[in-house]
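# Examining the three-dimensional arrangement
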Amino acid sequence: LFQHPDDAAVHAADPGGFELRPLDALDGALATAVDRLWERLEPELPLAIVRDARYLRWRYLECPAAPYRLRGLFDAAGELRGLAALRPDWQGPPILALAELLVGGADRAALGALLSGICREARASGQQRIELW
């Protein structure tokens, strides 16, 4: 995602109309939104770990060994359309590890907006590269 200094190709895929928000806690209405996102995506991933709110909370927000950041992509109607788990400064150098990327395979608009937002956040926090696990 960092092949071009201005990230023009990445940001060109962002159609606008989305908001990338931190997900600091997965409870209440937010947990329900995450569970609904997983229910929509599960048929596309027949052989996958269940990535519901309970799992994501345990795996990323409560992880004592590494600092992860969860980000949710919301559309103008407030629906959660995508989710990402990020780990900054992976392996020592300023590399942003994209550990989890949940977005519908046919939802190109949400994918473009999610990747563009992650790229902006990486640049703003001084990361030099993004690696997708």
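Counting starts from 1 at the beginning of each chain's written sequence and moves along it residue by residue. Whole-chain, interface and lining totals are the exception, using all residues; otherwise, since this is a predicted model, local features are given only for residues with pLDDT of at least 70 and side-chain atom pairs are given and counted only at 80 or more. Side-chain numbers come from the whole structure's heavy atoms, not from hydrogens or water.

Turning our attention to the environment of W133. As for its placement among the helices and strands, W133 is situated in the segment after β5 (129–132). Throughout this description, buried means an accessible area under 20% of the type-specific maximum (1.4 Å probe, protein chains only), exposed means over 50%, and partly exposed covers the range between. Judged by relative accessible area, W133 falls into the partly exposed class, the value being 45%. Spatially, the C-alpha atom of W133 lies 12 Å from that of I95, the residues being 38 residues apart in sequence. Working rule for contacts: check all heavy atoms of both residues, and any pair within 4.5 Å makes them a contact. Apart from the residues lying within four places of it in its own chain, the contact partners of W133 are Y68, R87, W90, A97, L98 and A99. Numbered from the N terminus, helices here are DSSP runs of H or I no shorter than four residues, and strands are runs of E no shorter than two.

Moving on, we get to unusual backbone geometry. Here D89, not a glycine, exhibits a phi torsion of approximately 55°, which is positive. Structurally, the position occupied by D89 is in the loop between β3 (80–87) and β4 (95–103). Under the relative-accessibility criterion, D89 is labelled partly exposed at 45%.

A few words on the sheet that holds β4. In this scheme, strands are said to pair when DSSP sees at least two bridges between them. Read from one edge of the open sheet, five strands run β1-β2-β3-β4-β5, paired in mixed fashion. Looking at strand neighbours, the two that pair on one side only are β1 (18–22) and β5, the edges of this open sheet. When the angles between neighbouring strand axes are averaged without regard to direction, this sheet yields 30°. Two strands pair when backbone bridges link them, and β3 and β4 are joined in this way by six bridges, in the antiparallel orientation. In the sheet register, R87 faces β4, and the bridge partner there is A97. Note on definitions: angles span 0 to 180 degrees between N-to-C directions of axes, and those axes are lines fitted to C-alpha atoms, for helices only across the stretch in contact. Along the sheet, helix α2 (residues 28–41) makes contact with β2 (69–75), β3 and β4, crossing β3 at roughly 100°. Packing against the sheet, helix α3 (residues 53–61) makes contact with β2, β3 and β4, and its axis sits at approximately 175° to β4.

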